[in-house]
Amino acid sequence: MQTFQYSRPTTVDQAIRAGARSKTAQQYADVRFAAGGTTLIDLMKLDVEQPKQILDINGLPLERIEPAPGGGLVIGALVRNSTVAHHPVVQRDYPVLSQALLSGASPQLRNMATTAGNLLQRTRCMYFRDTAHACNKREPGTGCSAIGGHNRMLAILGTSKDCIASNPSDQNVALTALEATIQVQGIKGKRSIPIQEFYLKPGSTPDRENVLQPGDLIVSVTLPAPIAGSRSHYLKLRDRAAYEFALASAAIVIKVNGNRIEIGRAHV
């Protein structure tokens, strides 16, 4: 692990200003927000990520789960995965999200991992995490060792000739089926981003994974009002029953009237 500066901003605005101090994509990688650290710290130990400054945002007031105006639920960026999974409203109205979260990681990691951190979780592709191998996501222009290598757990759809890495998050599959919206605050103000528009396809720039700009901070995720009479479920296929990433997974939200599907939302 390389040396870095550590600071703890006390307000959202302070965190955004500190995160936006660098304007280029390369410099942006030098400043990272950290909360649970369940992905970032691992990657720093492997020298995959080498930020020059860590901004610890655990002191920011982003840990609430509360009703959304007009219906739905707002989940703060720093709410821990275990809290979301066991929240009574989530279990009652959005069981697919609870199921997805409980199928991931371990109880110890779920107690640390956050909603926003899970949104930004990076691939578990072995070549991305091993600096001895070529990886366009880690180092653009070097190639993709996974295409001709060990890729059983990697993506089949939504890939490109430059990258076949997959997003490992169980949470994100469920949030997409629920049509969640991500609230982001940055130096240009606040904006809401549908999760379907948040992630970028790899194309020729797999190192760019989402639409966030330097200094952008995810502050919350909003779930729409539950569909009356609907049911939902999360299914995950994996090599072992616990603490394993998916070979394939699917989340579905469906409302049936007799033999007719009135509403169907799914994400795989």
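The sections below set out a description of the structure shown in this document. Computed from a predicted model, the values in this text were never measured in an experiment. (Residues numbered from 1 in each chain as written. Predicted model: local features only at pLDDT ≥ 70, side-chain atom pairs only at ≥ 80, totals over all residues. Heavy atoms only, no water.)

1. Remarks on the overall build of the chain
So, step 1. On a plain count of helices and strands, the chain comes out with 10 helices and 11 strands.
So, step 2. At 18 Å, the chain has a C-alpha radius of gyration in line with the 18 Å of a compact globule built from 268 residues.
So, step 3. In terms of overall dimensions, the chain has a C-alpha envelope of 60 × 45 × 35 Å along the principal axes.
So, step 4. Out of the 268 residues belonging to the chain, those deemed buried represent 45%.
So, step 5. Here the analysis covers contacts within the chain between residues at least 6 apart in sequence; of these, 58% occur between residues at least 24 apart.
So, step 6. Within the structure as shown, the chain displays about 13,900 Å² of accessible surface, and the carbon and sulfur contribution to it stands at 53%.
So, step 7. Positive and negative side-chain charges in the chain, numbering 30 and 21 respectively, have mean positions lying 3 Å apart. (Helix = DSSP H or I, 4+ residues; strand = E, 2+ residues; numbered from the N terminus. Rg over C-alpha atoms; globule rule 2.2 N^0.38 Å. Buried < 20%, exposed > 50% of the residue type's maximum accessible area, 1.4 Å probe, protein only. Contact = heavy atoms within 4.5 Å. Areas by Shrake-Rupley, 256 points an atom, 1.4 Å probe, with all protein chains shown as cover. Lys, Arg positive; Asp, Glu negative; His and termini not counted. Charge placed at Lys NZ, Arg CZ, Asp CG, Glu CD.)

2. Here we look at the nonpolar core
So, step 1. Judged by nonpolar contacts, the single largest core of 46 residues is most densely connected at Leu97, Leu217, Ile218 and Leu223.
So, step 2. If we ignore the near neighbours within four places in the chain, the residues touching Leu97 are Ile75, Val84, Val90, Gln171, Ala174, Leu175, Leu178 and Leu223.
So, step 3. Ranked by size, the runner-up nonpolar core spans nine residues in total, among them Cys125, Phe128, Ala146 and Ile164. (Core = buried A, V, L, I, M, F, W, Y, C linked by side-chain atoms within 4.5 Å.)

3. Things to note about the pairing of strand 10 (residues 248-257)
So, step 1. In this sheet, strand 10 lies alongside strand 9 (residues 231-237) in antiparallel orientation, the contact comprising seven bridges. Residue pairing across strands places His233 opposite Ile252, the latter belonging to strand 10.
So, step 2. Judged from the seven bridges that link them, strand 10 and strand 11 (residues 260-267) form a sheet pairing that is antiparallel. Considered in strand 11, the bridge of Val256 is made with Ile261.
So, step 3. Between strand 10 and strand 11, which follow one another and run antiparallel, lie two residues, and Gly258 among them has a positive phi close to 65°. (Pairing = 2+ DSSP bridges.)

4. Focus: a nonpolar patch on the surface
So, step 1. A surface patch of nonpolar side chains, amounting to about 380 Å² of accessible area, comprises Met1, Phe4, Tyr6 and Ile41.
So, step 2. Structurally, Met1 is set in the segment before strand 1 (5-7).
So, step 3. Given the relative accessible area of 48%, Met1 is considered partly exposed. (Patch = residues over 30% accessible without salt bridge, like charges linked within 9 Å, V, L, I, M, F, W, Y side chains within 5 Å. Salt bridge = Lys/Arg side-chain N within 4 Å of Asp/Glu carboxyl O.)

5. A short note on unusual backbone geometry
Most peptide bonds adopt trans geometry, and most residues besides glycine take a negative phi value.
So, step 1. At Ala105, a residue that is not glycine, the phi angle is positive and equals roughly 55°.
So, step 2. Within the fold, Ala105 resides in the loop between helix 6 (95-102) and helix 7 (107-110).
So, step 3. Even without being glycine, Glu179 reaches a positive phi, approximately 60°.
So, step 4. Counting through the fold element by element, Glu179 comes out in the loop between helix 9 (170-177) and strand 6 (181-186).

6. Focus: the environment of Asp130
So, step 1. By the secondary structure assignment, Asp130 is in the loop between helix 8 (115-119) and helix 9.
So, step 2. In this structure Asp130 comes out as partly exposed when scored by relative accessible area, which is 30%.
So, step 3. Considering only alpha carbons, one finds Asp130 and Met1, 129 residues apart in sequence, at a separation of 14 Å.

7. A look at the sheet that holds strand 1
So, step 1. Judged by pairing direction, the sheet is parallel, and its three strands sit side by side in the order 1-3-2 without closing on themselves. Strands at the two margins of the open sheet, each flanked by one partner only, are strand 1 and strand 2 (31-34). When strand polarity is set aside, the average angle formed by the axes of neighbouring strands in this sheet is 20°.
So, step 2. Of the strands in this sheet, strand 2 and strand 3 (53-56) touch helix 1 (residues 12-19), which is tilted by about 150° from strand 2. (Axes fitted to C-alpha atoms, helices over the stretch in contact; angles between N-to-C directions.)

8. A word on the packing of aromatic side chains
So, step 1. The tally for this structure, following the rule as stated, stands at one aromatic pair.
So, step 2. Arranged with centres 4.9 Å apart and planes meeting at 90°, the rings of Phe198 and Tyr199 form a pair that is edge-to-face. (Phe/Tyr/Trp six-rings, centres within 6.5 Å; stacked < 30°, edge-to-face > 60°.)

9. Some details on the pattern of salt bridges
Should their charged atoms come close, side chains of opposite charge can pair.
So, step 1. Going through the model one piece at a time under the given rule, you end up with 15 salt bridges.
So, step 2. Between Asp56 and Arg8 there is a salt bridge, and its shortest N-O distance comes to 3.5 Å. Linking Asp56 in strand 3 with Arg8 in the loop between strand 1 and helix 1, this pair joins segments that are 48 residues apart in sequence.
So, step 3. Overall, Asp56 belongs to the buried group, its relative accessible area being 10%.
So, step 4. A salt bridge links Lys255 to Glu262, with the shortest nitrogen-to-oxygen separation between them at 3.8 Å.
So, step 5. The exposure class of Lys255 is partly exposed, given its relative accessible area of 24%.
So, step 6. Salt bridges sharing partners connect three or more residues here, namely Arg32, Glu49, Arg122, Lys137 and Glu209.

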